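Structural overview for review
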Amino acid sequence: MTEATRKDLVPLGRNGQYNILWSARFASELGSELAFLGFPLLVIATSGSAWELGVVTAVFSAAQMIAMLPAGILADRWNRARLMITCEIMRFVAIGSLAVAIALDSYEFWHLAVVAALEGGLAAVFAPAEDAVLPRLVPTPQLGAAIARNTSRTYIATLLGPALGGILFAVDRVLPFTVDAVLLIASAFVLLFLRVPAVSVESTAELNDEELDASDPVGRGRQLFDDLLGGWRWVVGHRPIRTTMIWIFATQFVFSALLIVVLVRAGEENTTPGEIGLMMTCYGVGGLLGSLAAEAIHARIRAGTTVVWFSWIIIVPVAVMSVMPPGIPLGLTLGLVGFCVPAAFTSIVTYQLTNTPDHLRGRLSSVSGAIVGLAGTLGPLTAGALVASGTGVDPILALSGALVVVAVFATSNRSMRNLVSH
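Please read all numbers here as calculations on a predicted model, not as lab measurements. (Residues numbered from 1 in each chain as written. Predicted model: local features only at pLDDT ≥ 70, side-chain atom pairs only at ≥ 80, totals over all residues. Heavy atoms only, no water.)

**Some remarks on the overall build of the protein**
Assigned secondary structure in the protein consists of 17 helices and zero strands. The buried share of the protein, taken over its 422 residues, is 49%. For the protein, long-range pairs separated by at least 24 residues make up 86% of all intrachain contacts whose partners lie at least 6 apart in sequence. Surface exposure of the protein reaches about 18800 Å², of which carbon and sulfur atoms provide 68%. (Helix = DSSP H or I, 4+ residues; strand = E, 2+ residues; numbered from the N terminus. Buried < 20%, exposed > 50% of the residue type's maximum accessible area, 1.4 Å probe, protein only. Contact = heavy atoms within 4.5 Å. Areas by Shrake-Rupley, 256 points an atom, 1.4 Å probe, with all protein chains shown as cover.)

In C-alpha cells, the structure reads:
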C-alpha cells in the first residue's frame, strides 16, 4: 500500500465498528478481573477454606483450557458477533445468579464453583471470536495498531480490576459481582451495534465445508473432530506460523516461571504484602506503557526485526533481577520487562492474523490460547522445581539462560527474521 493510500485511511480512533468491539471487550475484561478477585475473596469471607480456594481457582482455569479449542471451531462456524453476545448474556445470567444468592444470604460453594466454570469457559469462547472479527473491521495497515491498543486495554483492565474489586468487596461482598453483571450486559448491548463486513466467497472457502448432518451423529462427530484438528494442521503446516507459536510458548514459559520465582524470593526475604503488590503494579504499568509504545514501534520497524531485537534486549533486565533486592528496585526492573513485551507480541499476533485465512482465524486464536495456557501451567511448575532443587543455581539466571536460547532461535531462524506483518 502506498503512503498516499495510507493517509486516506480513516484514523483508528474514528473507526466506529472497531471502537464498539474495543469498548465491549474492555467492559468484559474489567468484569472478568472483578470476578477473578471476587471468587477467592468470597471463599475467604465465608469459609476461609484453603481447599475451596484451590478448587474454585482450578475450576476457573480448567474451564478456560477445556473451552479454548472448541471455541475456535465455534468462532469459525457461527456468526461471530452473535457468539460474543451469547457469551456475554450467559455470563451475565451466571454472575447475576451468584449476586442474587449472596444478596439473599443463600450462597453455597457448589454455586460458586459452577459460576467460576461458566465464567472461565465462556470468556475463553469469546476471545477467538473477537480475534477473528478484528481483521474484518480494521484495514491491514492498521491491524498492528489495533492489536497494540487491544493489549493496552487488557493492561488497563488488569490494573483497575483488582483495585476496584477490593474496594467494592470491602463495602459489600455482593458489589463486585453486581458490577460485573452490569458490565457484561452492557458489553452485550454494545455488541448489538457491531456490523461485521462480509468477506469474499474465495476467502471463505473452507477445507472441510460439508454441512453437519444432525441425523448422522457419527459423521457429525467426525466433522467436528476434523474441525478441531484444522487449526493444529494449519499451525504445523505453515512454517512461519509454526515458528511464531514455538517462540510464544518459550517466552510465555519463561515469563510465567519468572514471576513465580520473584514472588517466592520476595516471601523468603519477608517482603511486605504492600511491597509485593507495588512490584506487581510496576509490572502492569510497564506493560501498559509498552503497549502504548508498541503501536509506534510496529509502524516503523519490521515485525521480524522487532521480535529478534526484543529476544536479545529482554535478557539484560531479567539477568539483573538476580541481584536486585525485592521491593521498589525489583519492581522497577519488572516494569522494564513488562515494557518490552507488548511490541514483540503485537508484531507476532499481527503477522499471524494477516497471514491466516478468515475461516481459520478462530481456530488459530484457540490454538494460540491453548499454547499460552500450557506454557502458563508448565512455567510455574518448573519454577517451583528450580527453587526447591537446592542445586545452588540461581533460578533467575537459569531463566536468563533459557532466554538466550530463545534469542538464538529467533536470530538463526529465517522465518522469524523475515516476518512482515504490515
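This is not the end of the story, as more comes after the structure.
**Some thoughts on the packing of helix α2 (residues 16-46) against helix α3 (residues 50-77)**
At their nearest, the axes of α2 and α3 sit 9 Å apart, and the two run at 160° to each other. Between α2 and α3, the crossing angle belongs to the class labelled roughly antiparallel. Here α2 and α3 pass one another in a crossing that is right-handed. Residues F36, F39, P40 and V43 of α2 form the contact with α3, whose own contacting residues are E52, L53, V56 and F60. (Axes fitted to C-alpha atoms, helices over the stretch in contact; angles between N-to-C directions. Parallel < 35°, antiparallel > 145°, perpendicular 65-115°, else oblique. Left-handed = near helix turned anticlockwise from the far one by under 90°.)

**Side note on unusual backbone geometry**
Phi is positive for D105, which is not a glycine, with a value near 60°. Mapped onto the fold, D105 is located in the loop between α4 (80-103) and α5 (109-137).

**Things to note about helix α14 (residues 328-354)**
The end-to-end C-alpha distance of α14, which contains 27 residues, comes to 40 Å, matching closely the 39 Å that a straight helix rising 1.5 Å per residue would cover. Taken across its 27 residues, α14 has 20 buried, putting it largely inside the fold. (Expected span 1.5 Å × (residues − 1).)

**Some details on the packing of α4 against α5**
In contact at an axis separation of 9 Å, α4 and α5 are set at 160° when each is read in the N-to-C sense. With respect to each other, α4 and α5 are oriented roughly antiparallel. Like other packed secondary-structure pairs, α4 and α5 cross with a definite hand, here left-handed. Here the residues of the contact of α4 with α5 are counted per class, giving 18 nonpolar, two polar and six charged. (Nonpolar A, V, L, I, M, F, W, Y, C, P; charged D, E, K, R; others polar.)

**What to know about the pattern of salt bridges**
With the rule as written, the count across this model stands at 13 salt bridges. One salt bridge connects E119 with R91, and the closest N-O pair in it is separated by 2.7 Å. Placement of E119 in helix α5 and of R91 in helix α4 is noted, with a sequence separation of 28 residues between them. Its relative accessible area of 1% is what places E119 among the buried residues. Take R91: its relative accessible area is 1%, and that puts it in the buried class. Its salt-bridge partner being R136, residue D358 comes within 3.4 Å of it at the nearest N-O pair. Note that D358 is positioned in the loop between α14 and α15 (361-389) and R136 in helix α5, a separation of 222 residues in sequence. A relative accessible area of 9% means that D358 is categorised as buried. A single salt-bridge network, built from bridges that share partners, covers D76, R80, R136, D358, R361 and R363. (Salt bridge = Lys/Arg side-chain N within 4 Å of Asp/Glu carboxyl O.)

**As for a positive patch on the surface**
The grouping of R239, R242, R414 and R417 at the surface amounts to a positive patch. Listing elements by their share of the positive patch, those giving two or more residues are α10 (239-268) and α17 (414-417). Among the secondary structure elements, R414 is positioned in helix α17. (Patch = residues over 30% accessible without salt bridge, like charges linked within 9 Å, V, L, I, M, F, W, Y side chains within 5 Å. Lys, Arg positive; Asp, Glu negative; His and termini not counted. Charge placed at Lys NZ, Arg CZ, Asp CG, Glu CD.)

**Side note on the packing of aromatic side chains**
Summed over all chains, the structure comprises nine aromatic pairs. Aromatic side chains F39 and F177 sit 6.1 Å apart centroid to centroid with 20° between the ring planes, which places their arrangement in the stacked category. Here the residue F39 occupies a position in helix α2, and F177 occupies one in helix α7 (residues 175-191), the gap between them amounting to 138 residues. With a centroid separation of 5.3 Å and 80° between ring planes, the pair formed by F189 and F193 is classed as edge-to-face. On the basis of relative accessible area, F193 is assigned to the partly exposed category, the value being 45%. Members of the aromatic cluster, joined through ring pairs, are F36, F39, F60 and F177. (Phe/Tyr/Trp six-rings, centres within 6.5 Å; stacked < 30°, edge-to-face > 60°.)

**Thoughts on a nonpolar patch on the surface**
Among the surface-exposed residues, V285, L289, L292, L336 and F339 lie close enough to one another that they form a single nonpolar patch of about 440 Å² accessible area. At the level of secondary structure, the elements contributing two or more residues to the nonpolar patch comprise α11 (273-300) and α14. Counting residues per element, the nonpolar patch draws most heavily on α11, at three residues. Within the element layout of this structure, V285 appears in helix α11.

**Observations concerning the environment of I314**
The topology assignment puts I314 in the loop between α12 (303-313) and α13 (315-320). The exposure class of I314 is buried, given its relative accessible area of 1%. Distance in space between the C-alpha atoms of I314 and G338 is 9.5 Å, their sequence separation being 24 residues. Discounting chain neighbours no more than four positions away, the residues touching I314 are F255, V337, C340 and L403.

**As for the environment of T158**
Mapped onto the elements, T158 comes out in helix α6 (residues 140-171). Residue classification places T158 among the partly exposed residues on the basis of a relative accessible area of 36%. Note: C-alpha distance between T158 and E33 (125 residues apart in sequence) is 6.5 Å. Polar side-chain contacts of T158 include one of 2.8 Å to the backbone oxygen of T154. (Polar contact = N/O pair within 3.5 Å; in protein donor to acceptor, adjacent residues only side chain to side chain.)

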